[in-house]
Protein chains: 2
Amino acid sequence: MNGLMMNVPLSITAILEHAERCNPDVEIVSVTRDNPRHRYTYREAFARVRQLADSMAQWGLAQGDCIATLAWNDYRHFETYYAAACSGYVCHTINPRLFPEQLVYIINHAADRYIFLDPDFVPLAEQLAAQCPTVQGWVVLSPEAQMPATSLPGAICYETLLAAGADSFVWPALDENAACALCYTSGTTGHPKGVLYSHRSTVLHAYATLMPDAMGLSHRDVVLPIVPMFHVNAWGTPYSCPMTGAKLVFPGNRMGDGATLATLINEEGVTMSAGVPTVWLALLAHLKGSGQRVDSLQRVIVGGAACPLSVMEDFDTYGVETRVGWGMTEMSPLGSVNTSPASREKYSDEAFAKVRLKAGRPIFGVEMKIVDDHGAELPRDGVAYGSLKVRGPWVCSSYFKLEDSDAHAEPGWFETGDVATIDPQGFMAITDRTKDVIKSGGEWISSIEVENVATDHPKVAEAAVIGQYHPKWSERPLLVVVRGPNGQDLTASEMLAWFDGRIAKWWTPEAVEFVDELPHTATGKVQKVALRELFKDFSFD
Amino acid sequence: MNGLMMNVPLSITAILEHAERCNPDVEIVSVTRDNPRHRYTYREAFARVRQLADSMAQWGLAQGDCIATLAWNDYRHFETYYAAACSGYVCHTINPRLFPEQLVYIINHAADRYIFLDPDFVPLAEQLAAQCPTVQGWVVLSPEAQMPATSLPGAICYETLLAAGADSFVWPALDENAACALCYTSGTTGHPKGVLYSHRSTVLHAYATLMPDAMGLSHRDVVLPIVPMFHVNAWGTPYSCPMTGAKLVFPGNRMGDGATLATLINEEGVTMSAGVPTVWLALLAHLKGSGQRVDSLQRVIVGGAACPLSVMEDFDTYGVETRVGWGMTEMSPLGSVNTSPASREKYSDEAFAKVRLKAGRPIFGVEMKIVDDHGAELPRDGVAYGSLKVRGPWVCSSYFKLEDSDAHAEPGWFETGDVATIDPQGFMAITDRTKDVIKSGGEWISSIEVENVATDHPKVAEAAVIGQYHPKWSERPLLVVVRGPNGQDLTASEMLAWFDGRIAKWWTPEAVEFVDELPHTATGKVQKVALRELFKDFSFD
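Because the structure is predicted, anything quoted here is derived from the model rather than measured.

## Considering the overall build of chain A
- Scanning chain A from terminus to terminus reveals 16 helices and 25 strands.
- For 541 residues, the compact-globule formula gives about 24 Å, and the C-alpha radius of gyration of chain A, at 24 Å, lands near that figure.
- Per-residue burial over chain A gives 61% buried out of 541 residues.
- Put simply, of all contacts in chain A between residues at least 6 apart along the chain, 66% involve residues at least 24 apart.
- A total accessible area of about 19,800 Å² is found for chain A, and carbon and sulfur atoms account for 51% of it.
- Computing the positive centroid from 43 side-chain charges and the negative centroid from 64, chain A places the two 3 Å apart.

Rendered as structure tokens:
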């Protein structure tokens with residue numbers, strides 16, 4: 001017997017309409033190339049979104065066709081998100097930091113029909129255009145007066161396109177399972193793979209991120225999404241903020257600039273921000289150097305990479321709460337958030353430092369478990385570690401156009417590729433990537449923990465650990481180090497001595513090699529595959 | 001084209017499992033007849049819920065069968081909620097304050113198979129049992145030692161029943177649209193009508209209520225649901241608290257006792273509570289009389305009836321934020337919450353007093369509109385008022401077993417029966433019930449506003465306004481007053497003079513009648529139908 005409740009689909013269109021009705025005067029502020037501080041309201045934004053959708057309707061696209069973006073966080077990118085998704089198209093956000101051959105691959109794989117791009121990316125697009133036969137037009141996110149000269153075939157001025165549309169456009173009814181957005185993950189090997197979000201998954205994810213134990217956004221918040229809109233929908237903030245009436249502040253292409261961020265925070269009264277550790281390092285360096293403060297800022301969500309404790313402690317001194325978030329492109333992205341335990345007073349400072357670095361508790365909707373090599377579930381005791389699997393309505397079931405080839409090893413569960421512990425209070429902590437874990441004498445060594453200890457050494461700029469064949473232990477850790485500016489005299493024995501008392505003795509690397517630089521992916525992660533290739537002839541003998 | 005996201009159903013079972021994994025040690029505290037302060041954890045609660053479900057499985061019921069409750073807010077009622085819903089049955093919460101003939105009607109209409117009842121209600125049940133042929137057993141929420149002597153046929157001891165089950169019980173997979181709970185609304189006329197909730201509607205409603213602008217619950221909260229679990233699922237708190245890890249404090253049959261409430265708040269560290277104005281009046285009277293404070297309490301949600309400004313102002317002095325909520329049984333129940341506008345400083349104290357009394361802004365998921373007599377939508381200008389219609393995934397599509405007869409006047413929209421305004425910032429304010437509005441010379445007079453002014457008079461205990469035939473204006477307001485203890489000398493002319501300057505001149509009642517008491521429904525609302533009957537021969541001549 002079914003309940004007798006209205007069959008109202010979960011949709012991004014409903015977010016737009018809710019904001020128009022309930023928070024029409026709330027502002028969206030943006031840094032763009034043509035305006036250092038553009039500001040308007042949700043009312044104006046969504047009237048323009050309807051104009052844009054009306055213009056796009058003239059293109060004769062089919063439901064599910066991909067509209068791509070190559071853009072920074074600003075209001076035009078925001079408008080494109082909504083116009084595409086609410087029209088029934090798919091907003092394919094492209095990471096401009098990918099290598100050109102990857103960009104060409106994903107544009108063709110998605111069969112993008114139009115690409116909306118920031119003027120900054122016109123030179124990049126000009127290199128790619130000839131190899132992208134599905135693209136019928138390149139829409140430059142600019143007013144007519146600032147349109148750059150370009151050789152792009154079918155270049156269209158965004159503001160001219162938008163002005164041709166009517167804001168009386170009526171949104172189509174959409175199924176809640178309809179696709180709305182597409183984002184490719186770039187692994188360290190193989191082609192990038194596409195994750196195809198639905199209206200349903202996007203709305204449910206936004207509800208969950210709004211919970212006080214996740215991002216906790218209200219209509220009193222002013223949110224600065226530093227995490228790019230081309231990187232998993234800026235963690236859902238373009239949806240969650242209009243849902244709750246929070247003001248949005250978009251940093252445009254200045255997202256890495258500490259001074260701009262501090263100015264935006266102070267002048268716009270930013271209360272909450274979200275980004276990767278790198279941007280916080282830039283902001284904190286600027287604050288320390290300038291003596292500026294960020295008094296309106298209440299909390300930041302840190303994700304995308306492990307957050308150094310020093311970032312948290314620095315934010316502590318500014319009265320800003322740091323929350324570690326964990327997720328993946330395949331998870332929309334949010335899976336867990338670390339909010340301080342209610343019983344903070346029961347922890348010593350040292351124990352608390354350990355707890356706050358964990359990836360946190362799953363937000364309701366995401367289920368997690370850890371399993372051993374045979375797929376058997378491991379205890380949630382904070383000690384046992386195993387492969388982390390997740391499931392939930394905003395976790396991907398398969399990759400775009402790879403539906404047949406990538407069935408999950410265990411039906412219904414997504415393999416994150418991470419190794420993790422889960423403690424009795426539900427706090428998950430990532431200890432490694434499955435591929436990077438080192439198996440020494442049948443036991444696992446966490447490469448991440450070894451790397452963290454190595455990186456703490458004042459003479460080390462960067463460090464990576466890989467497992468190398470060992471005749472007795474099967475594998476042992478090899479530490480590869482890039483010396484810091486003041487570390488040119490760092491020796492292997494000095495490096496190894498550093499591990500004494502900082503880590504289990506048998507986790508201490510078997511050997512150290514020094515290099516000038518480590519191989520990185522387009523998103524800045526160490527390419528362990530390339531590193532292993534580099535040391536394929538290395539031997540512990 | 002559909003998204004490629006996991007098809008994981010929204011379910012109450014997922015709430016239970018989330019709490020077990022992520023907040024196993026969080027407490028549920030209850031006042032029961034056999035224990036003035038029972039306490040255990042979510043881990044223990046949900047192990048018992050599995051035991052109960054295992055025992056219930058022996059009954060051989062079908063999915064969708066109704067398990068009814070006649071119970072106060074406590075842990076056994078909580079367990080019954082989950083055991084029934086997660087087993088695929090429907091938890092039918094019965095309001096014990098209904099008249100016996102209504103109780104018999106709804107038990108038979110729902111075809112309840114078992115009724116779980118508090119020992120307090122055994123005498124009531126004994127009166128009804130012979131008229132309830134579908135009921136196979138009466139489960140008394142008690143341990144064996146405290147079982148009351150009873151003539152109930154098939155009386156079962158709850159604790160004995162539960163102890164017979166195994167906590168290894170495995171939950172069945174359920175469709176998200178499956179029915180999970182049933183609650184009847186008692187109108188002022190006709191039979192009560194049943195609202196049948198689904199797993200999907202319940203989870204979505206809980207997500208929405210958790211938002212900071214709604215109840216804003218986190219794992220740091222301690223929640224005291226004073227609103228009964230037999231009244232629209234205690235506004236969803238039995239679901240929302242386990243979703244977020246908040247501690248629950250159930251007041252049992254002491255929900256109306258100010259002293260008990262204050263003690264529970266102080267001893268359990270309650271941060272948030274929810275209830276109707278009457279209970280707040282009891283709590284505040286106790287605080288004023290005893291000099292006690294409630295320092296842990298941060299906010300209260302007030303709903304079910306209009307909240308007097310004096311309640312808010314009294315809570316202000318205790319540092320407690322009052323949030324008006326508005327909803328209906330047909331809306332799961334929450335439709336809107338009034339959180340202070342972000343721009344509080346822009347309001348004068350007088351203007352703010354007006355704003356905070358409004359029903360608030362819709363929470364995301366609920367759409368509202370006001371329409372005129374012809375169904376045309378009216379402007380959201382804060383002035384125009386019309387019939388309020390709502391829609392959303394937790395709004396009822398039709399009543400239980402009345403699916404054919406009660407199609408909505410406008411498909412897809414539920415008629416609330418309220419008259420309301422909506423202002424440009426999205427704040428809705430109820431001005432009247434559609435049936436109670438007074439049409440004077442073609443214009444509407446809000447009976448609620450007139451009643452509020454009347455009730456503010458120090459000599460008035462209670463007041464109600466009804467429209468009576470008038471030869472010139474078609475209808476004019478008649479004010480019916482119950483004098484207060486110090487108001488025995490109150491005259492009609494003194495009463496009418498009170499309206500001068502407090503209300504539009506033409507809204508002032510045409511006449512005043514004094515009575516000893518007003519007719520009330522089982523839930524304490526004034527029965528206007530009975531009142532009109534009482535004055536059917538009244539004439540303004």
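## Considerations on the pattern of salt bridges
Residues and elements named next belong to chain B.
- Within this structure, the stated rule accounts for 78 salt bridges over all chains.
- Between Asp 373 and Lys 439 there is a salt bridge, and its shortest N-O distance comes to 3.4 Å. One end of the pair, Asp 373, is in the loop between strand S17 (367-371) and strand S18 (386-391); the other, Lys 439, is in strand S21 (residues 438-440), with 66 residues separating them in the sequence.

## Examining the relation of the copies chain A and chain B
- Superposing chain A onto chain B takes a rotation of 180 degrees plus a shift of 0.1 Å along the axis, which leaves an RMSD of 0.2 Å. What we have between these two chains is a two-fold relation. Within chain A, the C-alpha atom positioned nearest to the axis of rotation is that of A:Met211, 2.6 Å from it.
- Looking at chain A, 100% of its interface residues are interface residues in chain B too, so the copies touch through the same face.

## What about the sheet that holds strand S23 (residues 460-470) of chain B?
Residue and element names in this part refer to chain B.
- Sheet architecture is open: 3 strands sit in the order S23-S24-S25, paired in mixed fashion. Across the chains shown, the open sheet's two edge strands, defined by having one partner strand only, are S23 and strand S25 (511-515). Between one strand axis and the next, the sheet turns through 30 degrees on average, direction left out of account.
- As defined by bridge partners, S23 adjoins strand S24 (residues 474-483) across 10 bridges and the pair is classed as antiparallel. Directly across from Gln 468, in S24, lies its bridge partner Arg 476.
- Set on the sheet, helix H14 (residues 447-456) makes contact with S23 and S24; between it and S23 the angle comes to about 140 degrees.

## What to know about the sheet that holds strand S9 (residues 193-198) of chain B
Residue and element names in this part refer to chain B.
- Spatial ordering of the open sheet is given by S7-S6-S5-S3-S4-S8-S9, a layout of 7 strands whose pairing is mixed. Edge positions in the sheet fall to strand S7 (155-157) and S9, since each has one partner strand and no second. Each adjacent strand pair in this sheet contributes to an overall mean axis angle of 25 degrees, direction not counted.
- Of the pairings in the sheet, the one linking strand S8 (residues 179-185) to S9 comprises 6 bridges and is antiparallel in character. Across the sheet, Leu 182 pairs through a bridge with Leu 196, a residue of S9.

## Topic: the packing of helix H2 (residues 42-57) of chain A against helix H3 (residues 75-87) of chain A
All names here are of chain A.
- Across the interface, H2 lies against H3 with an axial gap of 9 Å and an inter-helix angle of 55 degrees. Here H2 lies oblique to H3, going by the angle between them. Crossing hand, H2 versus H3: right-handed. In contact with Tyr 42, Ala 45, Phe 46, Arg 48, Val 49, Leu 52, Ala 53 and Met 56 of H2, H3 contributes Tyr 75, Arg 76, Phe 78, Glu 79, Thr 80, Tyr 82, Ala 83, Ala 84 and Ser 87.
- A class-by-class count of the residues in the contact of H2 with H3 yields 12 nonpolar, 2 polar and 3 charged.

## Notes on helix H2 (residues 42-57) of chain B
- With 16 residues, H2(B) should reach 22 Å at 1.5 Å per residue; the first-to-last C-alpha distance of 22 Å fits that figure.
- Of all 16 residues making up H2(B), 13 are buried, and the element is well covered by its neighbours.

## A closer look at the packing of aromatic side chains
Residue and element names in this part refer to chain A.
- For the coordinates displayed, the defined rule picks out 41 aromatic pairs over all chains.
- Aromatic pair Trp 280 and Phe 315: ring centres 5.6 Å apart, planes at 75 degrees, arrangement edge-to-face. One end of the pair, Trp 280, is in helix H11 (residues 277-290); the other, Phe 315, is in helix H12 (residues 309-317), and 35 residues separate them in sequence. Both residues of the pair, Trp 280 and Phe 315, belong to the buried class.
- An aromatic cluster is built from Tyr 42, Phe 46, Phe 78, Tyr 81, Tyr 82, Tyr 239 and Phe 250, whose rings are joined through pairwise contacts.
- Positioned above the aromatic ring of Phe 514 is the side chain of Arg 483, whose terminal nitrogen or guanidinium carbon lies 3.8 Å from the ring centre.
- A cation over a ring is seen here: Arg 502 above Trp 498, with NZ or CZ 3.5 Å from the ring centre.

## Brief notes about the interface of chain A and chain B
- With 76 residues of chain A at the interface, the matching set in chain B holds 76 residues.
- In total, about 6,100 Å² of surface goes out of reach between chain A and chain B, with carbon and sulfur atoms giving 60% of it.
- Run the count over chain A and chain B and you get 4 salt bridges.
- The shortest N-O distance in the salt bridge between A:Glu176 and B:Arg200 comes to 2.7 Å.
- Linking chain A to chain B there are 28 residue pairs in polar contact (both at pLDDT 80 or more).
- Among the elements of the structure, helix H1 (12-22), strand S9 (193-198), helix H7 (199-210), helix H9 (237-244), strand S16 (361-362) and strand S18 (386-391) of chain A are those that each provide at least two residues to the side of chain A that touches chain B.
- The element best represented in the side of chain A that touches chain B is H7(A), accounting for 7 residues.
- Classifying every residue of the side of chain A that touches chain B gives 41 nonpolar, 24 polar and 11 charged.

## A short note on the side chain of A:Arg200
- One can find A:Arg200 in helix H7.
- At a separation of 3.2 Å, a polar atom in the side chain of A:Arg200 contacts the main-chain carbonyl oxygen of B:Val8.
- When near neighbours in sequence (up to four residues on either side) are disregarded, A:Arg200 contacts A:Leu10, A:Glu176, A:Asn177, B:Val8, B:Pro9, B:Leu10, B:Glu176 and B:Arg200.

## As for unusual backbone geometry
Residue and element names in this part refer to chain A.
- Cis peptide bonds are those with omega within 30 degrees of zero, and the linkage from Ser 332 to Pro 333 qualifies with 5 degrees.
- Along the chain, Pro 333 falls in the loop between strand S14 (321-327) and strand S15 (334-338).
- Positive phi values are uncommon outside glycine, yet Trp 235 reaches one of about 55 degrees.
- Considering the arrangement of structural elements, one finds Trp 235 in helix H8 (residues 232-235).
- According to the relative accessible area criterion, Trp 235 is buried, its value standing at 6%.

## What to know about the state of the cysteines
All names here are of chain A.
- Here the structure, examined in full by the defined rule, presents 0 disulfides over all chains.
- In this model Cys 22 remains outside any disulfide bridge; the closest cysteine sulfur is found in Cys 241, 15 Å from its own.
- On the basis of relative accessibility, which here comes to 3%, the residue Cys 22 falls in the buried class.
- Cys 132 takes part in no disulfide bond, and the closest cysteine sulfur to it belongs to Cys 66, at a distance of 13 Å.
- Since its relative accessible area comes to 4%, Cys 132 is described here as buried.

## Regarding H14(B)
- When we look at burial in H14(B), the residues that qualify are B:Ser447, B:Val450, B:Glu451, B:Val453 and B:Ala454. Each buried residue of H14(B) sits inside an arc of 160 degrees when the element is viewed along its axis, so together they form one side.

## Regarding the pairing of S18(B)
Residue and element names in this part refer to chain B.
- Among the 6 residues of S18, 5 are classified as buried, and the element is accordingly described as predominantly covered.
- Where S17 lies against S18, 5 bridges are found, and the strand directions are antiparallel. Paired with Glu 367 across the strands is Arg 391, a residue of S18.
- Of the strand pairs in this sheet, S18 and strand S19 (residues 414-422) are connected by 4 bridges, and their pairing is antiparallel. Across the sheet, residue Ser 387 finds its bridge partner in S19, namely Val 419.

## What to know about the environment of A:Ser397
All names here are of chain A.
- Within the secondary structure, Ser 397 is located in the loop between S18 and strand S19 (414-422).
- In this structure Ser 397 comes out as partly exposed when scored by relative accessible area, which is 26%.
- Separated by 119 residues in sequence, Ser 397 and Asp 516 place their C-alpha atoms 41 Å apart.

## A short note on the domain arrangement of chain A
- Entries for chain A in the domain assignment read domain 1 (19-255) and domain 2 (437-534).
- In this structure, domain 1 of chain A and domain 2 of chain A have C-alpha centres spaced 40 Å apart.

Conventions adopted
Residues numbered from 1 in each chain as written. Chains lettered and ligands numbered in written order. Predicted model: local features only at pLDDT ≥ 70, side-chain atom pairs only at ≥ 80, totals over all residues. Heavy atoms only, no water. Helix = DSSP H or I, 4+ residues; strand = E, 2+ residues; numbered from the N terminus. Rg over C-alpha atoms; globule rule 2.2 N^0.38 Å. Buried < 20%, exposed > 50% of the residue type's maximum accessible area, 1.4 Å probe, protein only. Contact = heavy atoms within 4.5 Å. Areas by Shrake-Rupley, 256 points an atom, 1.4 Å probe, with all protein chains shown as cover. Lys, Arg positive; Asp, Glu negative; His and termini not counted. Charge placed at Lys NZ, Arg CZ, Asp CG, Glu CD. Salt bridge = Lys/Arg side-chain N within 4 Å of Asp/Glu carboxyl O. Least-squares fit on C-alpha atoms with pLDDT ≥ 70 in both. Pairing = 2+ DSSP bridges. Axes fitted to C-alpha atoms, helices over the stretch in contact; angles between N-to-C directions. Parallel < 35°, antiparallel > 145°, perpendicular 65-115°, else oblique. Left-handed = near helix turned anticlockwise from the far one by under 90°. Nonpolar A, V, L, I, M, F, W, Y, C, P; charged D, E, K, R; others polar. Expected span 1.5 Å × (residues − 1). Phe/Tyr/Trp six-rings, centres within 6.5 Å; stacked < 30°, edge-to-face > 60°. Lys NZ or Arg CZ within 6 Å of the ring centre and 35° of its normal. Buried area = accessible area lost by both parts, 1.4 Å probe. Polar contact = N/O pair within 3.5 Å; in protein donor to acceptor, adjacent residues only side chain to side chain. Disulfide = S-S within 2.5 Å. Arc of directions from axis to C-beta. Domains from an automatic or database assignment.

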